[in-house]
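So you can see what is in the structure, the chains are spelled out below.
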Amino acid sequence: GIEVRRVIIGVSANRLESVMCASEVPLNGQTVTADHMAIGLRHACEEQGRDDYEILHAIPTSYSLDDSMGITDPRGMHGDVLKVNMHLILAPVGPIRNLLTCIEQCHLECEKLVATPYASALSTLMQDETDLGATHIDLGGGTSSVSVFSGGAPVFTSVVPVGGEHITNDIARGLNISLASAERIKTLYGSALANVDGDREQFEVPVLGGDYQTLPRSQLTNIIRPRLEETFEIIQDRILASGYGKFCGSRLVLTGGGAQLSG
């Protein structure tokens, strides 16, 4: 019975970009205020701004005041130069405009655009995990996203164009069945890991054309596992290429529909 007018939209475009940058604000001995911090954020956004990309988030990760580094909140402190270290998450303008057009045609107003990897991590990770370092992976339908947190803030985000729907497609092609049957079989019998009873456990599937066939569960695992391994390898390559692999800590948190897969 609630009429919805304004919505917050999650953006999971494959071409999301993650940029770490810094800007300096001269203080000349003044006390740091919220206005100085805002100026630093604005300068960084202006320097990194691009015509073909829109800045979704400008997240301060830490501050430095003269020779003092790693400051969480510098307000009230005195110094000559305030340095703001930031993580920017950018999205391509074209897909965002198309998305907003669709939303407007539904007679809704977009209140805010949020990068899905960041939003998903905020809803899942605990404060201790973000402080000590953690990697968050959201296994979605068409895409999988990754966020690396360290020191209480995100230092890297990315989206890879592989998700649970690709596993479903692999099963449908590999077993010659419909997509609906493949999704059902994946949910009921699918597993990422083989087990000792995999060859003995069997299930029946409707083949395209009207017939049925009986298959061992191990055959389904042999289809699912390579696609999942590929997904995690792509994510690992992205993290290592970013240079922030050392900040991941030893904790990996999985969420999303694909994370419910057995094994």
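Since this is a predicted model, take the numbers as computed values, not measurements.

Caption draft 1: Region of the structure containing the nonpolar core. Counting 20 residues, the largest nonpolar core has V11, L16 and L56 as its most contacted members. Of all elements in the fold, only β1 (6-11), β3 (53-65), β5 (81-92), α2 (93-105), β6 (109-115) and α3 (116-124) reach the threshold of two or more residues within this core. For this core, the element with the most residues is β1, which contributes three residues. With sequence-adjacent residues up to four places away left out, L16 is seen in contact with V11, L56, I89, L90, A91, P92, A115, P117 and V159.

Caption draft 2: Up close: helix α5 (residues 164-175). In this model, α5 (12 residues) spans 17 Å end to end at C-alpha, consistent with the 16 Å of a helix rising 1.5 Å per residue. Among all positions of α5, only G164, I167, T168, D170, I171, A172 and L175 are buried. Check the buried side of α5 and you find it contacts α6 (179-189), β11 (212-216) and α7 (217-242). Positive backbone phi, approximately 60 degrees, marks N176, located one or two places after α5.

Caption draft 3: Structural context of unusual backbone geometry. Non-glycine residue D66 carries a positive phi angle of around 55 degrees. Tracing the chain through its elements places D66 in the loop between β3 and β4 (68-71). Phi at N176 is positive, roughly 60 degrees, even though this residue is not glycine. Counting through the fold element by element, N176 comes out in the loop between α5 and α6.

Caption draft 4: Quick look at the side chain of S158. Its place among the elements puts S158 in strand β9 (residues 153-160). For S158, a relative accessible area of 5% translates into the label buried. Only 2.7 Å separates the side chain of S158 from the side chain of R238, close enough to count as a polar contact.

Caption draft 5: Local environment of the sheet that holds β3. One open sheet holds the four strands; their spatial order is β2-β5-β3-β4, and the pairing between them is antiparallel. On the outer flanks of this sheet lie β2 (17-26) and β4, each paired with one strand and no other. For this sheet, the mean inter-axis angle between neighbouring strands, taken without regard to orientation, is 35 degrees. Inspection of the sheet shows β3 paired to β5 by 11 bridges, in the antiparallel sense. In the strand pairing of β5, I59 is matched with H87. The sheet contacts of helix α1 (residues 34-48) involve β2, β3 and β5, and relative to β5 the element is tilted by about 45 degrees. Contacts from α2 reach β3 and β5 within the one sheet, and its direction differs from that of β5 by about 65 degrees.

Thresholds applied
Residues numbered from 1 in each chain as written. Predicted model: local features only at pLDDT ≥ 70, side-chain atom pairs only at ≥ 80, totals over all residues. Heavy atoms only, no water. Core = buried A, V, L, I, M, F, W, Y, C linked by side-chain atoms within 4.5 Å. Buried < 20%, exposed > 50% of the residue type's maximum accessible area, 1.4 Å probe, protein only. Helix = DSSP H or I, 4+ residues; strand = E, 2+ residues; numbered from the N terminus. Contact = heavy atoms within 4.5 Å. Expected span 1.5 Å × (residues − 1). Polar contact = N/O pair within 3.5 Å; in protein donor to acceptor, adjacent residues only side chain to side chain. Pairing = 2+ DSSP bridges. Axes fitted to C-alpha atoms, helices over the stretch in contact; angles between N-to-C directions.

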